[in-house]
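One letter stands for each residue in the lines below.
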Amino acid sequence: MTAALVDQPVEPVSTAGGMLRRLNLVTAIAGGLILGLAGWLISHSLLQDDDLGSDQVVLVTLSCWAAGFMIGIGALNGPIGWALGRDLRHEDELFLAGKDQGVARYFRFTTDHKVVGIQYLVVTMVLFAFGGTLAMLIRTNLISPHSHFLNPQTYNAIVGLHGLIMIIATIIMVTGPFGNFIMPIMIGARDMAFPRLNALSLWLIVAAIPTILSAAVLGGIPTGWVGYAPLADQAPPGMDAYSVFIIIFAVSSAVAGANITTTVLTMRARGMSWNRTPIFVYGTVASVGLAIPAFPLFMASQVLLQVDRTQGGQFFVASGGGSPWLYSNLFWLMGHPEVYVILIPALAALMELTPVFSRRPLFSFNAAVISIAGIVGLSIMVWAHHMYASGWAPDLNGPFMLTTEMISVPTGLLFLVILGTVWRGRIWTTVPMMATYAMLWNFIIGGITGIYLSDVPADYALHGSMFVTAHFHYTLMGAGLTGAIGALAYWFPKMTGRMLNERAGYISFWFVQIGFNVTFLGMFAVGLAGQPRRVVTYAQLFAAGNFVSTIGAYSIGIGMLVLLYAVINSWLHGQVAPANPWGAKTLEWTVPNPIPLENFEVLPVVTSDAYGYGEEDEPASGIDPEREPVLAGASADLGPRPVGASNVEGGP
Amino acid sequence: MSAESIVASPKRRRRDEVRHIAWLWLGLTILLVLFSIWVPARLMGPPASPTMRAVESTMTVFSIAASPVAALVWAIAIYSLFRWKSRGEPTEDGPPFRGNGPVTASWAIVSSVLCVFLLIWGLAEMTSTTSPAEASNPLVVNVTGQQWVWTFSYPDQGDVESDQLYLPLNRPVVFHVSSRDVIHSFWVVQMGIKVDANPGVTTKTSVTPDKLGVFDIRCAELCGLRHADMETSAHVVNPADFAAWITQNGGHT
Ligand SMILES: [Cu+2]
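Parameters and conventions
Throughout, residues of each chain are indexed from 1 in the direction in which the sequence is written. By the order in which they are written, chains take letters starting at A while ligands take numbers starting at 1. Note on the predicted model: pLDDT of at least 70 is required for a residue's local features to be given, and 80 or more for side-chain atom pairs to be given and counted; whole-chain, interface and lining totals, by contrast, use all residues. Processing note: side-chain calculations cover all non-hydrogen atoms of the structure and skip hydrogens and water entirely. Helix numbering and strand numbering both begin at the N terminus, where a helix is a DSSP run of H or I of at least 4 residues and a strand a DSSP run of E of at least 2. Between the two quantities, the radius of gyration covers C-alpha atoms and the globule rule is 2.2 Å times the number of residues to the power 0.38. Burial here depends on accessible area, computed with a 1.4 Å probe over protein chains only, as a share of the maximum for the residue type. Under 20% is buried, over 50% is exposed, and the range in between is partly exposed. Boundaries between domains were set according to an automatic or database domain assignment. Contact criterion: two residues are considered in contact whenever any of their non-hydrogen atoms come within 4.5 Å of each other. A simple way to read buried area is as the amount of 1.4 Å-probe accessible surface that goes missing from two parts once joined, with both sides added. Throughout this description, the term salt bridge denotes a Lys or Arg side-chain nitrogen within 4 Å of a carboxyl oxygen of Asp or Glu. Between N or O atoms, a polar contact is any pair within 3.5 Å; within protein, one atom must be a potential hydrogen donor and the other a potential acceptor, and residues adjacent in sequence are included only when both atoms are from side chains. Only when DSSP finds a minimum of two bridges between them are two strands counted as paired. Patches draw on residues past 30% relative accessible area with no salt bridge. Two like charges within 9 Å are joined, as are two nonpolar side chains (Val, Leu, Ile, Met, Phe, Trp, Tyr) within 5 Å. Each accessible area is a Shrake-Rupley estimate made with a 1.4 Å probe; only the visible protein chains count as cover when residues are assessed. Note on geometry: axes are lines fitted to C-alpha atoms, helical ones only across the stretch in contact, with angles between N-to-C directions running from 0 to 180 degrees. Positive residues here are Lys and Arg, negative ones are Asp and Glu, while His and the chain termini are left out of the count. Excluding water, the donors of a metal are its N, O and S neighbours within 2.8 Å, or within 3.2 Å for Na, K and Ca, and that exclusion means sites may look incomplete. Key to geometry: four donors with every angle between 85 and 135 degrees are tetrahedral; four donors are square planar and six octahedral where opposite donors lie over 155 degrees apart and all remaining angles lie between 65 and 115; all other sites are irregular. An angle below 35 degrees is treated as roughly parallel, one above 145 as roughly antiparallel, one from 65 to 115 as roughly perpendicular, and anything else as oblique. Should the near helix be turned anticlockwise from the far one by less than a right angle, the crossing is left-handed, and should it be turned clockwise, the crossing is right-handed. Here the term charged refers only to Asp, Glu, Lys and Arg, the term nonpolar to Ala, Val, Leu, Ile, Met, Phe, Trp, Tyr, Cys and Pro, and the term polar to all other amino acids, Gly among them. A score between 0 and 100, pLDDT records how confident the predictor is in each residue. Planes of paired rings set the category: under 30 degrees apart is stacked, over 60 is edge-to-face and the rest tilted, where pairs are Phe, Tyr or Trp rings (Trp by its six-membered ring) whose centres lie within 6.5 Å. Whether a charge lies above a ring is judged from NZ of Lys or CZ of Arg, which has to be within 6 Å of the ring centre and within 35 degrees of the ring normal.

### Some details on the overall build of chain A
Piece 1. Of the regular secondary structure elements, chain A holds 20 helices and zero strands.
Piece 2. Here the C-alpha radius of gyration of chain A, 25 Å, is about what a compact globule of 652 residues would show, namely 26 Å.
Piece 3. Each of the three principal axes of chain A carries a C-alpha extent, and together these read 75 × 60 × 45 Å.
Piece 4. When burial is assessed residue by residue, chain A has 64% of its 652 residues classed as buried.

### Details of the domain arrangement of chain A
Many descriptions give the size of an interface as the accessible area lost when the pieces come together.
Residues and elements named next belong to chain A.
Piece 1. Partitioning chain A into domains gives domain 1 (18–82) and domain 2 (114–573).
Piece 2. Contacts between the two partners involve 15 residues from domain 1, matched on the other side by 19 residues from domain 2.
Piece 3. Its largest share of buried area at the contact with domain 2, domain 1 owes to Asp55, Leu59 and Leu62, together 37% of the area lost on that side.
Piece 4. With a closest N to O distance of 2.8 Å, Asp55 and Arg309 form a salt bridge.
Piece 5. Summed over the shared surface of domain 1 and domain 2, the number is three residue pairs in polar contact (both at pLDDT 80 or more).
Piece 6. Of all the elements, helix α2 (residues 55–73) adds the most residues to the side of domain 1 that touches domain 2, at 11 residues.

### Quick notes on the pairing of strand β6 (residues 184–188) of chain B
Residues and elements named next belong to chain B.
Piece 1. For β6, the buried fraction is high: five of the five residues fall into the buried class.
Piece 2. Residues of β6 alternate between two faces, with His184, Phe186 and Val188 on one and Ser185 and Trp187 on the opposite face, all of them buried.
Piece 3. With three bridges joining them, β6 and strand β9 (residues 213–219) adopt antiparallel strand pairing. Within β9, the position partnered with Trp187 by the bridge is Arg218.

### Section: a nonpolar patch on the surface
Residues and elements named next belong to chain B.
Piece 1. Taken together, the side chains of Trp23, Leu26, Ile30, Leu34, Ile37, Trp38 and Ile64 define a hydrophobic patch exposed on the protein surface, amounting to about 700 Å² of accessible area.
Piece 2. No other element matches the six residues that helix α1 (residues 10–38) contributes to the nonpolar patch.
Piece 3. Among the secondary structure elements, Ile64 is positioned in helix α3 (residues 50–83).
Piece 4. By relative accessible area, which is 31% here, Ile64 ends up partly exposed.

### What to know about the sheet that holds strand β3 (residues 160–162) of chain B
All names here are of chain B.
Piece 1. Taken in spatial order, the five strands make up an open sheet running β3-β2-β1-β5-β8, and their pairing is mixed. Of all strands in the sheet, those with a lone pairing partner are β3 and β8 (203–207), marking the two edges. This sheet shows a mean twist of 25° between the axes of neighbouring strands, independent of strand direction.
Piece 2. The sheet contact formed by strand β1 (residues 139–146) and strand β2 (residues 149–154) spans five bridges and is antiparallel. Within β2, the position partnered with Gln146 by the bridge is Val149.

### Thoughts on the side chain of Asp455(A)
Piece 1. Secondary-structure assignment places Asp455(A) in the loop between α16 (431–454) and α17 (456–462).
Piece 2. One buried charged side chain, Asp455(A), makes no salt bridge at all; its nearest oppositely charged neighbour is Lys194(B), positioned 12 Å away.
Piece 3. Beyond its immediate stretch of four places on either side in the chain, Asp455(A) contacts Tyr388(A), Met401(A), Glu405(A), Thr58(B), Phe62(B), Trp121(B), Gly122(B) and Glu125(B).

### Brief notes about the coordination of the copper ion
All names here are of chain B.
Piece 1. In the first shell of the copper ion, the protein supplies His184 (ND1), Cys219 (SG), Cys223 (SG) and Met230 (SD), at 2.1 to 2.6 Å from the metal.
Piece 2. Classification of the site at the copper ion as tetrahedral follows from its four donor atoms and the range of 87 to 130° in their angles at the metal.
Piece 3. Within one chain, the residues serving as donors to the copper ion are arranged as H-x34-C-x3-C-x6-M.
Piece 4. Cys223 gets classed as buried once you look at its relative accessible area, which sits at 0%.

### Re the packing of helix α12 (residues 324–358) of chain A against α16(A)
Residues and elements named next belong to chain A.
Piece 1. Relative to each other, α12 and α16 sit at 130°, their axes nearing to 9 Å. Classified by the angle their axes make, α12 and α16 are oblique. The crossing of α12 and α16 is left-handed. Listed contacts from α16 to Leu343, Leu347, Leu350, Leu353, Thr354, Phe357 and Ser358 of α12 are Pro432, Met433, Ala435, Thr436, Met439 and Phe443.
Piece 2. Tallied by class, residues from the contact of α12 with α16 come to 10 nonpolar, three polar and no charged.

### Some words on the confidence of the model for chain A
Any segment with low pLDDT has predicted coordinates that should not be analysed in fine detail.
Piece 1. With 91% of its residues at a pLDDT of at least 70, chain A reaches an overall mean of 87.
Piece 2. Confidence drops under a pLDDT of 50 for residues 617–652 of chain A, and excluding neighbours within four residues, the segment shows 69 contacts in the predicted structure.

### Regarding unusual backbone geometry
Piece 1. The residue after Asn593(A), namely Pro594(A), is reached through a cis peptide bond having omega -15°.
Piece 2. Mapping Pro594(A) onto the fold places it in the segment after α20 (543–573).
Piece 3. Note the cis peptide between Gln147(B) and Trp148(B), where omega equals 0°.
Piece 4. With respect to the element layout, Trp148(B) can be found in the loop between β1 and β2.

### Considering the packing of α16(A) against α3(B)
Piece 1. Two elements in contact, α16(A) and α3(B), have axes separated by 10 Å at closest approach and are oriented at 175°. Considering their axes alone, α16(A) and α3(B) lie roughly antiparallel with respect to each other. Contact with α16(A), carried on its side by Met434(A), Tyr437(A), Leu440(A), Trp441(A), Ile444(A), Ile445(A), Ile448(A), Ile451(A) and Tyr452(A), involves Met59(B), Phe62(B), Ser63(B), Ala66(B), Ala70(B), Val73(B), Trp74(B), Ala77(B), Ser80(B) and Leu81(B) of α3(B) and no other residues of that element.
Piece 2. Its residues placed into classes, the contact of α16(A) with α3(B) shows 17 nonpolar, two polar and no charged.

### So, the packing of aromatic side chains
Piece 1. What the rule picks out here adds up to 44 aromatic pairs over all chains.
Piece 2. Look at Tyr282(A) and Phe365(A): their rings are 5.7 Å apart centre to centre, the planes differ by 80°, and that puts the pair in the edge-to-face class. Of this pair, Tyr282(A) sits in helix α11 (residues 279–311) while Phe365(A) sits in helix α13 (residues 365–379); the two residues are 83 residues apart in sequence, bridging distant segments of the chain. Judged on exposure class, the residue Tyr282(A) and its partner Phe365(A) are both buried.
Piece 3. Both rings, one in Phe357(A) and one in Trp428(A), keep their centres 5.6 Å apart while their planes meet at 65°; by these two values the pair is edge-to-face. Placement of the pair is Phe357(A) in helix α12 and Trp428(A) in the loop between α15 (408–422) and α16, with a sequence separation of 71 residues. Trp428(A) matches Phe357(A) in its accessibility class, with the two residues each being buried.
Piece 4. Grouped by ring-pair contacts, the aromatic residues Phe178(A), Phe280(A), Phe357(A), Trp428(A), Tyr490(A), Trp491(A), Trp582(A) and Trp589(A) constitute a single cluster.
Piece 5. The lysine or arginine in question, Lys585(A), covers the ring of Tyr613(A), its NZ or CZ lying 4.9 Å from the ring centre.
Piece 6. Directly above the aromatic system of Trp187(B) lies the positively charged group of Lys194(B), at a separation of 4.0 Å from the ring centroid.

### Quick notes on the confidence of the model for chain B
All names here are of chain B.
Piece 1. Averaged over every residue, the pLDDT of chain B is 90; residues scoring 70 or more account for 95%.
Piece 2. Within the model, the stretch residues 1–5 combines pLDDT values under 50 with two contacts to residues more than four positions away or in other chains.
Piece 3. The complex prediction reports pTM at 0.90, with the ipTM value standing at 0.94.

### Quick word on the interface of chain B and chain A
Piece 1. Listed as interface residues are 81 residues of chain B and, on the opposing side, 101 residues of chain A.
Piece 2. For the pair chain B and chain A, the summed buried area comes to about 7,900 Å², and 67% of that belongs to carbon and sulfur atoms.
Piece 3. On the chain B side of the interface with chain A, the three residues burying the most area are Phe97(B), Arg98(B) and Leu222(B), jointly 11% of the side's total.
Piece 4. The interface formed by chain B and chain A contains four salt bridges.
Piece 5. Residue Glu615(A) is joined to Arg98(B) by a salt bridge in which the shortest nitrogen-to-oxygen separation is 2.6 Å.
Piece 6. Along the contact surface separating chain B from chain A lie 27 residue pairs in polar contact (both at pLDDT 80 or more).
Piece 7. Counting only elements with at least two residues in the side of chain B that touches chain A, the list comes to α1, α2 (40–44), α3, α4 (101–135), β7 (193–197) and β9 of chain B.
Piece 8. The dominant element in the side of chain B that touches chain A, judged by the number of residues it contributes, is α4(B), at 16 residues.

Quick look at the structure:
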């Protein structure tokens, strides 16, 4: 464990970090541009191609950009040094962790999990800002049946970009910022198991973002975010940017997944047995664990697609013996687990904060764990419900309907866990807690509409319509993003040392949630009436519903801008936060603000779980005297709880 | 019971809470059931086939089945938000119970039963909507998607070709669907049928139109620049009119 390393403090030596001292975001961009330019020139001359932006050239250029960026940020210094037989000295490790570097450490290949968490948060917000702007353009175009605000080419390009960027943003929105910043402290660790891999996973995403943004000038992604072949074979070089982006992202998520999983398996504090491990930790591990098998399939699909596009392959080309269904299977084998990669950690964050703001123990911890495990297990067996109407395997539609509908059972248990937790609680309606309530509203609608879509005949009618678009926005945005915003409001004081402006938080909350429901209830209506997805124009019949949706979307946009203002303003000037402003019992609230470099001076020993609300108190209020037998007995084996010190008992 | 004090006993208060939630649950359930009966099927419009009729009744039935579930979740949420709300930061903790075996078990059992119901309903509906057309002597129509038009041809009527779909009333139809380029999706909106048009293979779907009129055919899979314009009409006409249309276009019946 890293704990052994830090007992003797070391004076910062000026040579610590070696070459890494000179590398940062600027050298990374320079490296990317230089290698990208070199790749462009070389591939262009080798191919003797008159077309400056042919698929081959774009593929090589973007790959070289990413490689140059990673070299420039210093991602390879460790492996190269190691190959040369030079290992890091302790002061190098401290430099890598960002010691005494102030703000500069956020722009370096820094290994401190807290720095990586903040970096992920900023990256996530940048992605949301971009994807959200595209959403506003889409909705503006759809404000009337033939608005001509966007031409069809631009519209299709934007729809694909919006989808992909939002999917990536929602995948990283919880496990990135909070899984990296909060989770290690929550389990009583000083850092992640593989700090350098942590920095690697973050900088790979940063390297990949310009590639996906470059798609905007390379003709966009006119295939929707699914990138279905053979439409993708016809697509402009924006599609190559898509492939490069997905391949890099798959590597990043594999690295992050291995790291987070290992951290949780091996670095939990002494005494933190599985039944004392906070539910958010389960959610994080479930999410990244599910991503480990899922994203390599997406990566494989893009490798095959690039063979088709640039090497004359025929994997997805029917006339050459290939099959478009191969692509859609690979895609949805990733695509459905991916939905739960997004949802589970967001719901787990809400399950983590609901006990705090209800002052109640988490209701049925075991049910929560079992249902997360059940969702994970089932989610890899449902992918073909996205393909009921594809004609691929009509005989399998019945079995896939079975597995899909079975997911409603563990998902339903998660609702019970939250409802049982608020039951007779002392509800503190902070912004994070309101996110829980918004989720209860939105996710019920998202879940029930999912049941219609799981039904094969109903899906034949609804597949490919706006109904589907509204449904998955209710799950991924209404439950997922809402949960992530709740998590942000909840952990903001710990991550920034300042309170998030509450007033702005509420204003944003209502603009976003009301706008959200207006937008997507309107979209359900036009979907039921028969409006297809991803259309630039539509029949007059759908005009009213679309107008309503667009107005709702503007309200979401206003709310998000308020949130952005609140985050920036509070981060800079907010009220200074106490170490534990919410009275929570998980370990991250026991460390001081600002959090020391390695979190804990003395590693904590855990003697109970973090949900023991009300347990040591005498029934002073007159509400508790008669405990029903069925409700009692849970706290018997939890041991003493030192007041104020929460779970921390002292060092080894 | 006779000695009612001003402050109700805790047990009494808990019973009242449960009763209030039950009323709220009932009220919300009724509202949602009314919504289920009136709204989803109505939004889908008048059905033009038994398949669409089955889909619309599925929407209604599933909505009704889901109503008490949604109502229960919302009832507890709304009640807790108003009646268990603390003003500002709570000064005391709530009751410390960590679960309730019977409640968890019944929740799991009820949701499993609902799940089994959905499955059986869906399987029965699948059987009833697919088998009739395949059983009797159906009309065969070849549907070809290409960027960005639909073409229909009638192989048993002398290969009559048209960019609009004509169907005789009450005769089962089997569509053999394919594509010349990318994936499209053949969707007859008011008949509730849809199947992808894939290059290189033929997929099938079937329906028995049982309503005269003109209905919408749209492409339901993004297929390139003019995907939004890839729509045409399905005309359901009397068998005699259908025969006349076929002959008019050089075919034979
Ligand atoms: Cu099409």
